[in-house]
Each structure stands twice: as structure tokens, then as C-alpha cells.
Amino acid sequence: MNAVAEGKGAEAGSRQYLDRLRHSCAHVMAQAVQELYPGTKITIGPAIENGFYYDFDGPHQFTLEDLPKIEKRMRQIAEGNHPFSGAEQSYEQSRRYWQERGEGYKLELLEGIKQRGERITHYSHGAFTDLCRGGHVDSTKEIRHFKLLSVAGAYWRGDEKNAMLQRIYGTAWPTKGQLDDYLRMLEEAKARDHRKLGVALDLFSVQELAGPGLIFWHPKGGLMRMIMEDWLRAEALKRGYQMVYTPHIANVELWNTSGHRSFYKDNMFTEIEVEKGHYQLKPMNCPFHVLIYKSRLRSYRELPLRLAELGTVYRYERSGVLHGLLRVRGFTQDDAHIFCAREQIESEVSGCIDFALEVFKAFGFSRYALEVSTWDPAQRDVYIGEASDWERAQAALENVLKERGLPYELVPGEAAFYGPKIDVKLIDAIGRSWQLSTVQFDFNLPRKFELEYIAADGSRKTPLMVHRALYGSIERFFGILVEHYAGHFPLWLSPVQAKVLTLTAEQEAPARALEAKLKAAGLRCALDLRPEKIGAKIRDAQLEKIPYMVVLGPKDVAAGTLSVRLGDGRQFSGVTEAELLERLGGEVSRKLVASAWGKP
RNA sequence: GCCGGGAUAGCUCAACGGUAGAGCAAUCGCUUCGUAAGCGAUAGGUUGUGGGUUCGAAUCCCAUUCCCGGCUCCA
């Protein structure tokens, strides 16, 4: 047996070290599980984004209650200070080893390794050995700060035709501080969960009687959505988009022409029969915008033609994947399709990126990650369209980002079959990333629908089509906003911007007058006249996450000024009505979150 | 769809084979009070739904709907 050297150049805390630590932790977990639950078969146990998992198959059905026991055993193993060591094996050696132990999944993996002609290595620590390509820490004693998090089902090799395995997830970090930070982040994420806040703030609901994945926007959520839509429409018009409306269903012939009936069939709701026609709910808006384009002969002078719509689409999603507002069956896309000439693609893509950055800024996202998904030239046949168009479009996508100095990741082979794209992942307030905005080329539909325009030289040409969505889905974007702000929305989005709280019944008249003035100034204002103590009124307003609380008591009325409390608890006294109005108005127009306002 | 876990008052939860309860919210009174919960009363439930076991089911069994954690997929 030849010892295998591990590449351990990377320093502690690096991505490589984290992966090694977590993967090592997975090995230790596999050992603990096999000791505690004899007869459990091991499969694979990789490091992932923030931790690791191991998939098992066995007679014992794992539950959350098992985790502390497994953790305890893991600690004992880790403290044993067992070095990790690897050794190359012959195929025969390895096969015998796993056969003796009845580890069928390992034998299957071994066959794969053999077929690919890769080295077969076994890695061990203490009494435990795994078929593994390596990547471990030096010793189990480095594994100290970890926690098992959850149990879940997972298909062997991710294929639903295969056996369902049991997966245990965990997280591991080099220091206690990092582990605690991560666990705190998970707690924080739980507290901000848009599904919880959606109920607490009365924003939206899902109704069992209506069906899963269908969203009911309540008055407060609906108002916020309206503000988001109005703002986006106004921005779109400024940028030369033209708003359109299209139907929610269309004859199946449309979907046959577009190709959706073949490549998107599994995600479409089934047919509705009406008289002699068959119709289907739209899963995408694209073909509708294409039909508007095609409604008459187009000239190069009209290009770029930017058609935008807040288009509601319906997609059949399998019941198990639905998730609050983030994954639903009916949702509204801020969809636009830009029809342009080849020489216009760079400026159009640039305009889309510009618009996207404006959206992020407006909603307080300062961090994002960009991905350019290109084709895999080795698989030429799976893609539609001319190679020259692909190359040109991909170059345009990259050039725009380069010119702006925006860092991006190139992901070859990730393009849709109909065109390359830029995806934007937003990073929210607690560091999680969300895929939202997308700018995609579509080489399919212009061809399928035989789109054309008359060029300057009188010839007929096929336009290029760029599909772009910035919010992506209003439902999803809204859900992310709720979590990003933890329900403390900036003033321009807050359903109730200010609430006037009276101390005693004496202040009713001045409070009503103040409310009227704020409303006249276009602010969304509420009034709390209940005969409750001020502390109770403050508490209720805080729980509603109202950004401005205006307290009106006898002293304020006598002085002719107001006492203002901000959502973050800061208080200001002696504020005049004019100051309050100016402050609120300025904050709304500049889309700021409540910030410094002199000294309390 | 699949694996696992759930569903009790508007919300958060208790009761786990023997008459279904609490806090908050709601309603009605009293209290007029200075920055996160004043006091009292009232009302609110075919325990998600349908079936079964049992003298007796929120509790045990089966089916079903929806929700949650994942797999897969994605806006």
C-alpha cells in the first residue's frame, strides 16, 4: 500500500481548510452512526456550503432525538486524537474490503471509480475506514466545534428512481466563535422567516381551501406590493420600456409553436377544455410578447422594442417543493422582452444591468454576486441558434460586466438551451444569497415564431430577443425583502408610516388634527386613541414595526410640539409639526431607512 | 412526487385512552396614565378532514388535505 499525501498547503480558515474539516467531521459522524446503529450502510459524506452531511441506509429511522447521542459519540471519537491517513488500494483489495462489510453502496462507487480510471484510495482514522478521494485534517482532534442540525431524506445519487437514504446534516467550524456566529445566524434567519412575519404583520396568507402555492395578499402586503409595482413601472417607463398586458391562458397551439408543450410540459398546468379549443395557463410571458411584436411588420427604426409586463404565470410545482412566497405555483414576474438588432445587444444588456443595480439600491441590497452562464461548445447539439450569435451574446454579457468593473463568475455549460444569461444573486442582511434577477438571450422564440424586421437596406432580418426580470418574481422578491429587513421596512415601503399615540383622552382632538395633516401630506398614518397606558401603545406599535411613533400628551399640546419615537427606540422631544413633515417627506422621497436625526 | 416530522381557540402552546385548558389577541366595563404589556368580566373548539378500534379517542390504527425539514427543480 502506498501512503497518499494530502495537499495541506492552505492555511486554517481558508475554504480548503473548511472543506477538509467538514469532510473529516462527516467521516467521524459515519463512524459514530455505525457504532451506535449497527447494520447502517454508509454512502457518501461531502462538505457543503456551511457544513457537511452523510447519507445512510439502514434499519434505524433517524429522528432529531438521535442527534445529541450521535454528537456525544462523535466528540469521544474526535478527542481520541486519531490521525487521518490515506492509502491507495488495488481494485481487488478495495472490493474485498467492502464486500466483507456488505457495503453495497461503496461497491457501486468503487465500480464508478474503476470505470473512470481514477485512483482508489481508502482513508482511515482510528478504527474507521472510508472509500474516499481524500481531503482531511491531520487529526480528529481538530474537529471540536460542530453541531448536528437535521435529518432528511435524500435519493441515492440524487435520482428519484433510486433508493431513499437518510441524510444527517451538520455544521463544523475551526473556532467556537465561528460556530456560535453561524448558529446565531440560523436563529436570526428563523426569527426573520417571512412566513412567520407574514402572519405577525398580516401581510399575506396561503389558504388551504384555495390550494397550495397560491398567495393571498392582505391589505398591508398588497399596499407594499402596489408600491413596489408602481415604482418599477415608473422606472421602466423612464428607461424606454412600454407596458403591455397579456392573457393568463392561451390555446395549446401557442404553446406548441413556442415549444413549451415539449420542453416545459412538466411544469405546466393541464389543459382546460373550452368549446372546441384546448387552453393552458401560461407558465411564461415570453410567447405573448412575441405575439405583440409579430402583430405587424416591424422596422429597424422601432428597435430596440422593449415590452414590459407584470405578468402573472402559473407553474405546476411538485407539492413537496413549495415554500412560503419563495416557491409558489402562481406568481407575477416583472417580465420584459427586448427585441433588438445584433449591434444593439451590448447597450441593451448594459441597460438591463443598470436597471438591476438601481433596483438593488432602492431596496437596500449593497452586496450581490453575478454569474455569466455560457454554453458548453462540446455539446453543440443541445443548443438552439447560430454559433456566431452565441459567441457574440456571451461576449456582450461579459463585456458589459467588465466595463462596469463588476466581478462575476463564468459558469460554462449552465446556459439554457435557448441562450446564455447573467444571473444575479442578492446577498441579504444576514449574508444569505438569493437568485433573483436574470438577463437571458433567447435564440429559440424568434426562430419558432419567425420574427423579423425590415433592416435599413430593405432586407428582412431576425431580431435578437433578450428576456429580463429584475425582481424575478414579485412574490419571491417580497418574501426576501421581509427577511432582509426583518419586517422593519424603510419608510417608503411601510404600510403604516406613522402612528399618533395619545396619552389621555384630552389629546383626541389635536391627535385627529395631526393625523389629518400627515394624511394630507400623503403619509400613511394611523391613530391609537385607546384608553391604554402609553407603554402599551408603544409596545403594540413596536410589534407592528411602525417606523414613526408620534406621542401626544398634555405637555406636548401645551408646548405646541411633538414627541417622536423611532422604530429603533430612539426618542426626540420638542419636534415641531413642520420638522416632522419635512423629515418624513424627505425620507420617503430618498427611500432611506430611518437614520440619524440629531440628538434626542 | 418521494423520505421523515407535524396539524388542539385568531396567535403561541398545554392536556397524550376517562368531562378540552392557559397566556396573548377579540368584545364589554373600570382605569386618564409620559415611551415595550393597568384591572375585571364575557365570548371563543364536532382537537385539519373522513373512516376504524374501544364502554369511552385530541390521545391508538388507516386514508386524505395542508404545513414543516430535505431530495429534485427553479422566479
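Residues numbered from 1 in each chain as written. Chains lettered and ligands numbered in written order. Predicted model: local features only at pLDDT ≥ 70, side-chain atom pairs only at ≥ 80, totals over all residues. Heavy atoms only, no water.

J.: Would you mind going over the layout of surface pockets with me for this structure?
T.: One way to see where empty space is left: roll a probe the size of a water molecule over the atoms. Space inside the largest pocket adds up to approximately 750 Å³. Counting only elements with at least two residues in the lining of the largest pocket, the list comes to helix H9 (260–263), strand S16 (330–340), strand S19 (421–427), strand S20 (433–442), strand S23 (464–473) and helix H14 (474–485). Of the residues forming the lining of the largest pocket, the biggest block, 5 residues, is contributed by S20. Its residues assigned to classes, the lining of the largest pocket shows 13 nonpolar, 10 polar and 8 charged. (1 Å grid on protein atoms, 1.4 Å probe; cavity = no way out; pocket = protein on both sides within 12 Å on 5 of 7 lines; lining within 4 Å. Points joined across faces, edges and corners; volume = space filled by probe spheres on them. Helix = DSSP H or I, 4+ residues; strand = E, 2+ residues; numbered from the N terminus. Nonpolar A, V, L, I, M, F, W, Y, C, P; charged D, E, K, R; others polar.)

J.: Help me out: how do you make sense of empty space enclosed by the protein in this one?
T.: Applying the stated criterion to the full structure yields 1 cavity of 30 Å³ or more. In this structure, the largest cavity is lined by Leu-232, Arg-233, Ala-236, Met-243, Ala-308, Glu-309, Leu-310, Asp-334, Asp-335, Phe-355 and Arg-468. The set of elements that each furnish at least two residues to the lining of the largest cavity consists of helix H7 (219–238), strand S15 (305–314) and S16. Its residues assigned to classes, the lining of the largest cavity shows 6 nonpolar, no polar and 5 charged.

J.: Sorry, what's going on with the pairing of strand S28 (residues 571–575) here?
T.: Along any regular strand the residues' side chains alternate between the sheet's two faces. As paired strands, strand S27 (residues 562–566) and S28 are joined by 3 bridges and run antiparallel to one another. The partner of Leu-562 across the bridge, within S28, is Val-575. In this structure, the hairpin formed by S27 and S28 is closed by a connection of 4 residues, where Gly-569 is found at a positive phi of approximately 100 degrees. (Pairing = 2+ DSSP bridges.)

J.: Help me understand the sheet that holds strand S26 (residues 548–552) in this model?
T.: Pairing between sheet strands relies on hydrogen bonds along the backbone, with the strands arranged either parallel or antiparallel. Spatially, the 5 strands line up as an open sheet ordered S25-S24-S26-S27-S28, and their pairing is mixed. Each edge of the sheet is formed by a strand with only one pairing partner; in this case those strands are strand S25 (525–528) and S28. Pairwise comparison of adjacent strand axes, ignoring direction, gives a mean angle of 25 degrees for this sheet. Bridge analysis of S26 against S27 gives 4 bridges, and the strand direction is antiparallel. Of the residues in S27, the one forming a bridge with Val-550 is Val-564. The strands that helix H16 (residues 534–543) touches are strand S24 (498–502), S25, S26 and S27; relative to S24, the one it contacts most, it runs at about 165 degrees. (Axes fitted to C-alpha atoms, helices over the stretch in contact; angles between N-to-C directions. Contact = heavy atoms within 4.5 Å.)

J.: How should the nonpolar core be read in this particular structure?
T.: Soluble, globular proteins show a tendency: their nonpolar side chains are buried together. Met-228, Val-359, Phe-363, Ile-422, Tyr-471, Phe-477 and Leu-493 are the most contacted members of the largest nonpolar core, which totals 67 residues. Top contributing element to this core by residue count: helix H11 (residues 345–362), with 9 residues. In this structure, Leu-67, Ile-120, Leu-131 and Ile-143 belong to the second largest nonpolar core, which totals 39 residues. (Core = buried A, V, L, I, M, F, W, Y, C linked by side-chain atoms within 4.5 Å. Buried < 20%, exposed > 50% of the residue type's maximum accessible area, 1.4 Å probe, protein only.)

J.: Could you clarify how one ought to interpret the domain arrangement of chain A in this entry?
T.: Accessible area lost on assembly of the parts is the figure often given for the size of an interface. The assigned domain composition of chain A is domain 1 (2–173), domain 2 (194–485) and domain 3 (498–589). The distance between the C-alpha centroids of domain 1 and domain 3 comes to 59 Å. (Domains from an automatic or database assignment.)

J.: Even after reading the chapter, I still don't get the packing of aromatic side chains, so can you show me in this structure?
T.: Aromatic ring pairs: the centre-centre distance and the angle between the two ring planes describe each pair. The full count for this structure, using the stated rule, is 27 aromatic pairs. For the pair Trp-217 and Phe-478, a centre-to-centre distance of 4.9 Å together with 50 degrees between the ring planes defines the contact as tilted. Placement of Trp-217 in strand S10 (residues 215–217) and of Phe-478 in helix H14 is noted, with a sequence separation of 261 residues between them. A relative accessible area of 0% places Phe-478 in the buried class. Each residue in the set Trp-231, Phe-363, Phe-365, Tyr-471, Phe-477 and Trp-492 is aromatic and connected to the rest through ring pairs, giving one cluster. In this structure, Lys-282 packs its charged tip against the face of Phe-288, placed 4.7 Å from the ring centre. (Phe/Tyr/Trp six-rings, centres within 6.5 Å; stacked < 30°, edge-to-face > 60°. Lys NZ or Arg CZ within 6 Å of the ring centre and 35° of its normal.)

J.: It is not clear to me how the sheet that holds strand S6 (residues 128–131) should be interpreted in this structure. Could you clarify?
T.: Spatial strand order, S4-S5-S6: 3 strands in an open sheet with antiparallel pairing. Two strands in the sheet have a free side with no partner beyond their single neighbour: strand S4 (84–88) and S6. Here the strands of the sheet are splayed against their neighbours by 25 degrees on average, with no regard to which way each runs. Pairing of strand S5 (residues 121–125) with S6 involves 4 bridges; the strand directions are antiparallel. Note on S6: the bridge partner recorded for Tyr-123 is Asp-130. Of the strands in this sheet, S4, S5 and S6 touch helix H1 (residues 15–36), which is tilted by about 120 degrees from S6. Docked against the sheet, helix H3 (residues 91–100) engages S4, S5 and S6, running at close to 120 degrees with respect to S6.

J.: I tried to follow H7 on my own but got confused; where do I start?
T.: Every α-helix winds through 3.6 residues per turn, so residues three or four apart in the chain are directed the same way. An ideal rise of 1.5 Å per residue puts 28 Å on 20 residues; H7 measures up with 28 Å between its terminal C-alpha atoms. Listed in full, the buried residues belonging to H7 are Gly-221, Met-224, Arg-225, Ile-227, Met-228, Glu-229, Trp-231, Leu-232, Glu-235 and Ala-236. The positive-phi residue at the C-terminal boundary of H7 is Gly-240, with phi of around 85 degrees. (Expected span 1.5 Å × (residues − 1).)

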